[in-house]
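Observations on chain architecture
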Amino acid sequence: MIGRLNHVAIAVPDVRAAAALYQSRLGATVSAPVPLPDHGVTTVFVTLDNTKIELLEPLGDKSPIAAFLERNPQGGMHHLCYEVGDIIAARDHLKAEGARILGDGEPRTGAHGKPVLFVHPKDMLGTLVEIEQA
Ligand code: CO
C-alpha cells in the first residue's frame, strides 16, 4: 500500500527565516513562500533529490498548526506524507487496522491539489501521517 515519501512537514514560527536557514546552512533549493489560505499555512517547498521538505508557518486564526507551535515554539517536525495509489482503499485498510482517520474521514484536497487524509498520531507511533493519492 505505502509508496514514496512525498514530503516531511516542519512547522516553524517564521517561514522566511526557516527558508533562509535551509538555504544558507544546508545549501538547499527553496521556493518563495506560498500562502495557502484554505489550509491555514504559508509554505516554503524545499526540493531534495528524493523528496520534499515543507516548511509551514501558521496563516490566519484557525491554522491547523497553531496548537502544535504553541507546544513547540521553536518549531518541530509536524507530519510525514506517504503516497498511496488508491486513497479510499488505503483509508479502508487503515480503519480495518484500527487506525483513526482525522476529520470526517473523507479525503480533501491537499496542498498539492491531490486527495489527502491524516491518520491520528496516537495510532501511528506518535507521528502524524498524511496519505496522499499519487
Ligand atoms: Co503535508
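Residues numbered from 1 in each chain as written. Predicted model: local features only at pLDDT ≥ 70, side-chain atom pairs only at ≥ 80, totals over all residues. Heavy atoms only, no water.

Regarding the coordination of the cobalt ion
The protein atoms that coordinate the cobalt ion are His7 (NE2), His79 (NE2) and Glu130 (OE), at distances spanning 2.0 to 2.1 Å. Under the relative-accessibility criterion, His79 is labelled buried at 5%. (Donors = N, O, S within 2.8 Å, 3.2 Å for Na, K, Ca; no water. Buried < 20%, exposed > 50% of the residue type's maximum accessible area, 1.4 Å probe, protein only.)

Considerations on the environment of Val116
Turning to its location among the elements, Val116 is positioned in strand S8 (residues 115-119). Given a relative accessible area of 2%, Val116 falls into the buried group. Expressed as a C-alpha distance, the spacing of Val116 and Tyr82, which sit 34 residues apart in the sequence, is 9.8 Å. If we ignore the near neighbours within four places in the chain, the residues touching Val116 are Ile87, Pro107, Arg108, Thr109, Gly110, Glu130, Ile131 and Glu132. (Helix = DSSP H or I, 4+ residues; strand = E, 2+ residues; numbered from the N terminus. Contact = heavy atoms within 4.5 Å.)

Quick notes on unusual backbone geometry
One non-glycine residue, Leu125, adopts positive backbone phi at about 60 degrees. With respect to the helices and strands, the residue Leu125 is situated in the loop between S8 and strand S9 (129-133).

Thoughts on the pattern of salt bridges
Pairing of side chains with opposite charge becomes possible as their charged atoms draw close. Evaluated as defined, the whole model comprises four salt bridges. The salt bridge involving Arg91 is made with Asp92; its shortest N-O contact spans 3.1 Å. Asp92 sits in the partly exposed class, given a relative accessible area of 38%. Two residues, Arg91 and Glu106, come together in a salt bridge whose shortest N-O distance is 3.2 Å. Here Glu106 lies in the loop between helix H3 (87-96) and strand S7 (108-109) and Arg91 lies in helix H3, a separation of 15 residues in the sequence. For Arg91, a relative accessible area of 10% translates into the label buried. The network of salt bridges with common partners includes Arg91, Asp92 and Glu106. (Salt bridge = Lys/Arg side-chain N within 4 Å of Asp/Glu carboxyl O.)

Points about the environment of Leu5
Along the chain, the position of Leu5 falls in strand S1 (residues 5-11). Along the chain, Leu5 and His93 lie 88 residues apart, while their C-alpha atoms are 19 Å from each other. Setting aside its immediate chain neighbours within four residues, Leu5 contacts Asn50, Thr51, Leu80, Cys81 and Tyr82.

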